[in-house]
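Spelled out from the first residue to the last, the chains are:
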Amino acid sequence: METSEKIQASGILQLFASLLTPQSSFKAKVANIIAEVAKNEFMRIPCVDAGLISPLVQLLNSKDQEVLLQTGRALGNICYDSQSSKEQFASTNIAEELVKLFKKQIEHDKREMIFEVLAPLAENDAIKLQLVEAGLVECLLEIVQQKVDSDKEDDITELKTGSDLMVLLLLGDESMQKLFEGGKGSVFQRVLSWIPSNNHQLQLAGALAIANFARNDGNCIHMVDNGIVEKLMDLLDRHVEDGNVTVQHAALSALRNLAIPVINKAKMLSAGVTETVLKFLKSEMPPVQFKLLGTLRMLIDAQAEAAEQLGKNVKLVERLVEWCEAKDHAGVMGESNRLLSALIRHSKSKDVIKTIVQSGGIKHLVTMATSEHVIMQNEALVALALIAALELGTAEKDLESAKLVQILHRLLADERSAPEIKYNSMVLICALMGSESLHKEVQDLAFLDVVSKLRSHENKSVAQQASLTEQRLTVES
C-alpha cells in the first residue's frame, strides 16, 4: 500500500473508531464494514493502529444481537493470522467479555461466531491464560458433555470445535500447568475420561491433551505412575486394524512425550509399550511412521536390553532400512536413521550390528555422517565407531562400498566441521585400521597431512586426538 493510501485508510479507520460508541446508531453497520475491510491481510495492522480493538471489545456488552454478530466478525478478522493484533488484544478484557458472552448464548450460529473469534485469539499464550482464568474451559467441558451422544450435524461440529479449542488452550505452558493442578485437577480428570470414549473426536482430543500435559518431567512422571500409559495402549489397540490415523498419531505423540524422563523408560518398557507400538510398523502413513520411530527412540535411550531386543528384530530393522530411503518424507527418513544408530549405540551388541549389516543398513549410517545436522552426524559416527570396534569383519565390504574413508577425509579437511565431528572422525579412522582394505584406503588418501594440521586445533580434545591418530597412522604406515 502506498504511503498516501495508508494515510487515507488510517483516517477512515479512525473515523470508524469514533462511530463505534455504544450510543452510536451506526455501530452494527460500521462493525460490518470493519469485518469486510479486515478480510484483507494488509488491512489488519492498520485496523489495530487506528485503535479499533478497544471500542470493538466494549461492544461485546451490547444486547443487540446484530451488533454482537458484526462485532464478533470484525474482531475475528482483525486477529486472524496477525501476531501484532493478538498482542493488543492481550491488554484488553476481551477474554472475560467473550467468555461472558459465550455463557449467555444458546444458538449454534452465535456460538460458532464466538468460537471463530476465540480460536485465533487462543494462539496467544497470554490470552490462553486469560481465557482459562475467565472460565472458558468449564464451558467447553459442558458443551462436550451435552453434545457427545448427539448425531445432529450442528452438535457434532460444536463438539469438534469445543474439544479442539480445549487442546489449543493446553499449548500454553502456564495455562496447561494451571489446568493440570498436580494431576488432581478436575479438568485433567475429565480429559482422561475422553480416551476410553467411543467417540473418535474425543479420543483424539484426549490423546492430544495428554501429549500437551506431558511437556515437563514432573507431569510425565505423575501420569505414568497413575496408569495413563495403559489407557493410551488400549486406545492404540482399538485402532490397529483400519484405525483412525489422527488418533494413532496423537496417542503415539503422547507416548513419545511420556517416555522422555529417564525414570519412565523402564516402567513403560515393562508395561509393553514397544509391543503395542510395533503393531503399527505396517502403517503406510508418514505421520504415524514418524511418531512410531520417535517413541521407540525415546524408549531405548540408555536402555541396553530393550535396544538389543529391538535391534535383533529383523522385521523392524528391515522396515527402518526401507524408511531410510523415504526421500519424500524427510522427517521419517531422519528418524529412521537416528533409530538405526540408537539401536547400535545403546545396545553395543554384535548381534544388533550383524542384523543391521544383513538388512543393508550400513550405507544409511555412512550417509547420515554427512547430514546437515551436527547431532545426526555425531550419532552416526559413534555408531560407526562401535561397528568398527565390535564387528569390523562383517561390515568391512559395506563400509568400503559406502565410501566411508573418503567421507571421513572430507569431514576432517572441512574447516566448517564441528569439533566433535573431527574428534569422532579420527576415533573412527583409528578403529578402521584393523581392516586391511580400509587401512589401504586410509594410506592412499594421505590422512597424515590433514590430521597433523589438527594438532594445533583450538579444541584440546581435538588436538590430543590428532596427536594420537598421527602416531597410529605413522606406526602403521
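Just so it is clear, the structure is predicted and the values come from calculations on it, not from any experiment. (Residues numbered from 1 in each chain as written. Predicted model: local features only at pLDDT ≥ 70, side-chain atom pairs only at ≥ 80, totals over all residues. Heavy atoms only, no water.)

A.B. asks: I'd like a description of the environment of Leu101, backed by residues and values.
C.D. replies: Relative to the assigned elements, Leu101 resides in helix H7 (residues 94-104). In sequence terms Leu101 and Arg111 are 10 residues apart; their C-alpha atoms lie 9.0 Å from each other. Residues in contact with Leu101, not counting those within four places in the same chain, are Leu60, Leu68 and Ile114. (Helix = DSSP H or I, 4+ residues; strand = E, 2+ residues; numbered from the N terminus. Contact = heavy atoms within 4.5 Å.)

A.B. asks: Describe in detail the packing of aromatic side chains, supporting the description with residues and values.
C.D. replies: Overall, the coordinates contain 4 aromatic pairs when judged by the stated rule. Three or more aromatic residues joined by ring pairs make a cluster, and in this case those are Phe180, Phe188 and Phe213. It is Arg111 that lies over the ring of Phe102; its NZ or CZ is 5.5 Å from the centre. (Phe/Tyr/Trp six-rings, centres within 6.5 Å; stacked < 30°, edge-to-face > 60°. Lys NZ or Arg CZ within 6 Å of the ring centre and 35° of its normal.)

A.B. asks: Could you give me a rundown of the domain arrangement of the chain, with the residues and numbers involved?
C.D. replies: The assigned domain composition of the chain is domain 1 (303-392) and domain 2 (403-476). Using C-alpha coordinates to define each centre, domain 1 is positioned 22 Å away from domain 2. Every contact between the two is made by 12 residues of domain 1 and, on the other side, 16 residues of domain 2. It is Val366, Leu381 and Leu392 that lose the most area in domain 1 upon contact with domain 2, and together they represent 40% of the buried surface on that side. Inspection of the domain 1/domain 2 interface yields 1 residue pair in polar contact (both at pLDDT 80 or more). The element contributing the most residues to the side of domain 1 that touches domain 2 is helix H26 (residues 374-401), with 9 residues. Residues of the side of domain 1 that touches domain 2, tallied by class, amount to 9 nonpolar, 3 polar and no charged. (Domains from an automatic or database assignment. Buried area = accessible area lost by both parts, 1.4 Å probe. Polar contact = N/O pair within 3.5 Å; in protein donor to acceptor, adjacent residues only side chain to side chain. Nonpolar A, V, L, I, M, F, W, Y, C, P; charged D, E, K, R; others polar.)

A.B. asks: Could you give me a rundown of the packing of helix H27 (residues 404-413) against helix H28 (residues 419-432), with the residues and numbers involved?
C.D. replies: Orientation of H27 relative to H28, taken along the N-to-C sense of each, is 145°, at an axis distance of 9 Å. Between H27 and H28 the crossing geometry is left-handed. Here H27 contributes Leu404, Val405, Leu408, Leu411 and Leu412 to the contact with H28, which in turn contributes Ile421, Lys422, Ser425, Met426, Leu428, Ile429 and Leu432. (Axes fitted to C-alpha atoms, helices over the stretch in contact; angles between N-to-C directions. Left-handed = near helix turned anticlockwise from the far one by under 90°.)

A.B. asks: Explain helix H16 (residues 228-237) to me, using residue names and the numbers behind them.
C.D. replies: The complete set of buried residues in H16 reads Ile228, Val229, Leu232, Met233, Leu235 and Leu236. Along the long axis of H16, the arc covered by the buried residues comes to 160°, so they all point the same way. Packing partners of the buried residues in H16 comprise helix H13 (186-192), helix H14 (200-213), helix H15 (217-225), helix H17 (245-258), helix H18 (262-270) and helix H19 (273-278). (Buried < 20%, exposed > 50% of the residue type's maximum accessible area, 1.4 Å probe, protein only. Arc of directions from axis to C-beta.)

A.B. asks: So what about the UniProt feature "repeat: ARM" (unreviewed entry) in the chain? Which residues, and what values?
C.D. replies: Residues given the UniProt feature "repeat: ARM" (unreviewed entry) here are residues 51-86 and 227-259. Across residues 227-259 one finds 73% helix and 0% strand; the C-alpha atoms that close the span lie 14 Å apart. (UniProt positions renumbered as here; feature names shortened; annotations may be inferred.)

A.B. asks: Help me get a handle on the environment of Ile344, residues and values and all.
C.D. replies: Assignment of secondary structure puts Ile344 in helix H23 (residues 330-347). Placed 315 residues apart in sequence, Ile344 and Lys29 show a C-alpha to C-alpha distance of 68 Å. Every residue in contact with Ile344, bar those within four places of it in the chain, is listed here: Val352, Ile353, Ile356, Leu365, Ala383, Leu386 and Ile387.

A.B. asks: Mind laying out the nonpolar core, listing which residues take part and the relevant values?
C.D. replies: Counting 167 residues, the largest nonpolar core has Leu52, Ile210, Leu232, Leu258, Leu399 and Leu432 as the members making the most contacts within it. If you tally residues by element for this core, the top one is H26, at 12 residues. When we break this core down by domain, the ones giving at least three residues each are domain 1 (303-392) and domain 2 (403-476). In this structure Leu52 touches Leu13, Phe16, Ala17, Leu20, Ile34 and Cys47, once residues within four positions along its chain are discounted. (Core = buried A, V, L, I, M, F, W, Y, C linked by side-chain atoms within 4.5 Å.)

A.B. asks: Which residues make up the confidence of the model for the chain, and what values go with them?
C.D. replies: Parts of the prediction with low pLDDT should not have their coordinates interpreted in detail. Taken residue by residue, the chain gives an average pLDDT of 89. The fraction at 70 or more is 97%. When the criterion is pLDDT under 50, residues 1-7 qualifies, and its contacts beyond four places in sequence or with other chains add up to 4 contacts. (pLDDT = per-residue confidence, 0-100.)

A.B. asks: Just give me the short version of the side chain of Thr295, but keep the residues and values in it.
C.D. replies: Tracing the backbone shows Thr295 in helix H20 (residues 286-300). Excluding residues within four positions of it along the chain, Thr295 makes contact with Leu252, Leu255, Arg256 and Val277.

A.B. asks: So, unusual backbone geometry: which residues are in play, and what are the values?
C.D. replies: Positioned with a positive phi, Lys348 is a non-glycine residue whose angle comes to about 50°. Relative to the elements of secondary structure, Lys348 occurs in the loop between H23 and helix H24 (350-358). Residue Lys348 is classed as exposed on the basis of its relative accessible area of 54%. One non-glycine residue, Ala446, lies in positive phi territory at about 50°. Inspection of the secondary structure assignment puts Ala446 in the loop between helix H29 (436-444) and helix H30 (447-453).

A.B. asks: How would you sum up the side chain of Asp155? Please name residues and give values.
C.D. replies: Of note, Asp155 is situated in helix H11 (residues 153-169). The contact partners of Asp155, leaving out residues within four places of it in the chain, are Lys147 and Ser150.

A.B. asks: Please set out the pattern of salt bridges residue by residue, giving values where relevant.
C.D. replies: All told, the structure shown has 20 salt bridges when counted by the stated rule. Here Glu325 and Lys363 are joined by a salt bridge, their closest N and O atoms 3.7 Å apart. With Glu325 in the loop between helix H22 (314-323) and H23 and Lys363 in helix H25 (residues 362-368), the pair connects residues that are 38 residues apart, well separated along the chain. Residue Lys363 is classed as partly exposed on the basis of its relative accessible area of 45%. Residue Arg338 pairs with Glu379 through a salt bridge whose shortest N-O separation is 2.8 Å. Here Arg338 is found in helix H23, whereas its partner Glu379 is found in helix H26, with 41 residues between them in sequence. Residues Arg338 and Glu379 agree in their burial class; the two are buried. Salt bridges sharing partners connect three or more residues here, namely Glu36, Lys39 and Arg73. (Salt bridge = Lys/Arg side-chain N within 4 Å of Asp/Glu carboxyl O.)

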